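Listed below, chain by chain, are the residues.
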Amino acid sequence: KQVPEYKAGPTAVRDEFMSVSYFLDLVEQTKKPFLGVYYTFVGHWPYPDLEAEHRIVKPDSSRSRYINNLYAQDQVIKKIVTSFEKNGKFDNTIFVIVGDHGEAFYQHPGNRVHSGESYNENIASPLIMYSPRYMISQRIDYPTVHADIVPTLLETLGIPHKKEQFQGESILEKPVRRYVFSYGNENTLTAITHDLKKMQIMRKDEGGCRYFDLKRDPEELKNAECPVGSDHYKAIESFFRVQPGVLKGYNELCNRSGC
């Protein structure tokens, strides 16, 4: 609470650069192995206009302020990595840099910010996992999900685990699943195949369906006819039936174990 707040639209947030300094002070004091999470808010809506040192374009629109704030976010990441280099923790650390969602600026009619639709500008997010000692550089060219992070880290660290207890898969191994799924706030269920065929069942208007070939149409401008009854379609229906029970069971187990 010693880090001052400022008003960012309806949300009060802590000063970003004082927050990261506080985080790095904790890292400096920590002598044992640790999991540290820093959640940066600077690139989030409503994209407050920051000082001149964090600007690379004129802040004359929300999109321009967003670009500037992503630059400020890069500065935050640089500050974290540089600090780890200086305190001798860099070589023995795995860095995971991940976004929780994308951001839309009317690429599709009426689609703005991140919670209104399930187009790729809303749901695609970056994931970088880096370690100078424990990981070999590679680029993953098929769809992944956030649930893949923990299995990947467990495998990297050599920690035994039961793969069937995770919905994610380690990205260090050949993928087994056929689809990755997501659920949108507007009640849209999405499944994407490894070859980037994307199907969406929009339950807000029963029967609505979108189908995109992201290899040929990465901007999702050509809505093809949904192959209703296909394995792809049935996989989404199965996800809709099964996933709520999976999450309920997880929450009940978590409550019993005290997490």
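Predicted, not measured: the structure shown is a model, and the values here were computed from it.

Draft legend 1. Representation of the overall build of the protein. A tally of helices and strands in the protein yields 5 helices and 10 strands. When the backbone C-alpha atoms are referred to their principal axes, the protein occupies close to 55 × 50 × 40 Å. For the protein, the share of sequence-separated contacts (at least 6 apart) that also reach a separation of at least 24 residues comes to 45%. Surface summary for the protein: the accessible area is close to 16500 Å², and the carbon and sulfur share equals 54%. Across the protein, the mean location of the 33 positive side-chain charges is 3 Å away from that of the 34 negative side-chain charges.

Draft legend 2. Representation of the packing of aromatic side chains within the structure. In the structure shown here, the tally under the stated rule is 10 aromatic pairs. Ring centres of Tyr 119 and Phe 212 lie 6.3 Å apart, and the angle between their planes is 55°; on these two criteria the pair is classed as tilted. Note that Tyr 119 is positioned in the loop between strand S5 (112-113) and helix H3 (120-123) and Phe 212 in strand S10 (residues 208-213), a separation of 93 residues in sequence. Relative to Phe 239, the ring of Phe 181 lies with its centre 4.6 Å away and its plane at 5°, an arrangement referred to as stacked.

Draft legend 3. Region of the structure containing unusual backbone geometry. The omega torsion across Trp 45 and Pro 46 is 15°, close enough to zero to call that bond cis. Structurally, Pro 46 is set in the loop between helix H1 (16-29) and helix H2 (62-86). Residue Val 113 is not a glycine yet carries a positive backbone phi of 65°. Along the chain, the position of Val 113 falls in strand S5. Under the relative-accessibility criterion, Val 113 is labelled buried at 12%. Its identity is not glycine, yet Leu 196 carries a phi of approximately 65°, on the positive side.

Draft legend 4. Highlighting the sheet that holds strand S7 (residues 179-184). Here 4 strands make up an open sheet; going across it, the order is S7-S8-S9-S10 and the pairing antiparallel. Of all the strands in the sheet, the pair left with one neighbour each is S7 and S10. Recorded for the sheet is a direction-independent mean angle of 15° between the axes of neighbouring strands. This element, helix H5 (residues 231-257), spans S7, strand S8 (188-193), strand S9 (197-202) and S10 of the sheet and lies at about 50° to S9.

Draft legend 5. Molecular detail of H2. With 25 residues, H2 extends 36 Å from end C-alpha to end C-alpha; this agrees with the ideal 36 Å at 1.5 Å per step. Of the residues making up H2, those classed as buried are Ser 64, Tyr 66, Asn 68, Asn 69, Ala 72, Val 76, Ile 80, Ser 83 and Phe 84. Tucked into the core, H2 has its buried residues touching H1, strand S3 (95-98) and strand S4 (104-105). Gly 88 sits one or two residues past H2 and shows a positive phi near 80°.

Draft legend 6. How the structure looks around the pattern of salt bridges. Within the structure shown, the criterion is met by 10 salt bridges. Between Arg 55 and Asp 49 there is a salt bridge, with the nearest N and O atoms lying 3.2 Å from each other. Accessibility expressed as a relative area gives 34% for Arg 55, which makes it partly exposed. With relative accessibility at 42%, the residue Asp 49 sits in the partly exposed group. Notably, a salt bridge pairs Asp 231 with Arg 178, separated by 3.9 Å at the nearest N-O pair.

Draft legend 7. Spatial organisation of the confidence of the model for the protein. Looking at the protein, the pLDDT average stands at 90 and 98% of residues meet or exceed 70. Of all the helices and strands in the protein, strand S1 (residues 5-8) carries the lowest mean pLDDT, 73, while S3 carries the highest, 96.

Draft legend 8. Quick look at the nonpolar core. Core analysis: the largest hydrophobic core is formed by 12 residues, namely Tyr 179, Leu 189, Ala 191, Met 199, Ile 201, Cys 209, Tyr 211, Cys 226, Tyr 233, Ala 235, Ile 236 and Phe 239. Listed by contribution, the elements that provide at least two residues to this core are S8, S9, S10 and H5. Among residues more than four places away in sequence, those in contact with Leu 189 are Ser 182, Tyr 183, Met 199, Gln 200, Ile 201, Arg 203, Ile 236, Phe 239 and Phe 240. Core analysis: the second largest hydrophobic core is formed by 9 residues, Phe 23, Leu 24, Phe 90 and Phe 95 among them.

Cut-offs and rules
- Residues numbered from 1 in each chain as written.
- Predicted model: local features only at pLDDT ≥ 70, side-chain atom pairs only at ≥ 80, totals over all residues.
- Heavy atoms only, no water.
- Helix = DSSP H or I, 4+ residues; strand = E, 2+ residues; numbered from the N terminus.
- Contact = heavy atoms within 4.5 Å.
- Areas by Shrake-Rupley, 256 points an atom, 1.4 Å probe, with all protein chains shown as cover.
- Lys, Arg positive; Asp, Glu negative; His and termini not counted.
- Charge placed at Lys NZ, Arg CZ, Asp CG, Glu CD.
- Phe/Tyr/Trp six-rings, centres within 6.5 Å; stacked < 30°, edge-to-face > 60°.
- Buried < 20%, exposed > 50% of the residue type's maximum accessible area, 1.4 Å probe, protein only.
- Pairing = 2+ DSSP bridges.
- Axes fitted to C-alpha atoms, helices over the stretch in contact; angles between N-to-C directions.
- Expected span 1.5 Å × (residues − 1).
- Salt bridge = Lys/Arg side-chain N within 4 Å of Asp/Glu carboxyl O.
- pLDDT = per-residue confidence, 0-100.
- Core = buried A, V, L, I, M, F, W, Y, C linked by side-chain atoms within 4.5 Å.

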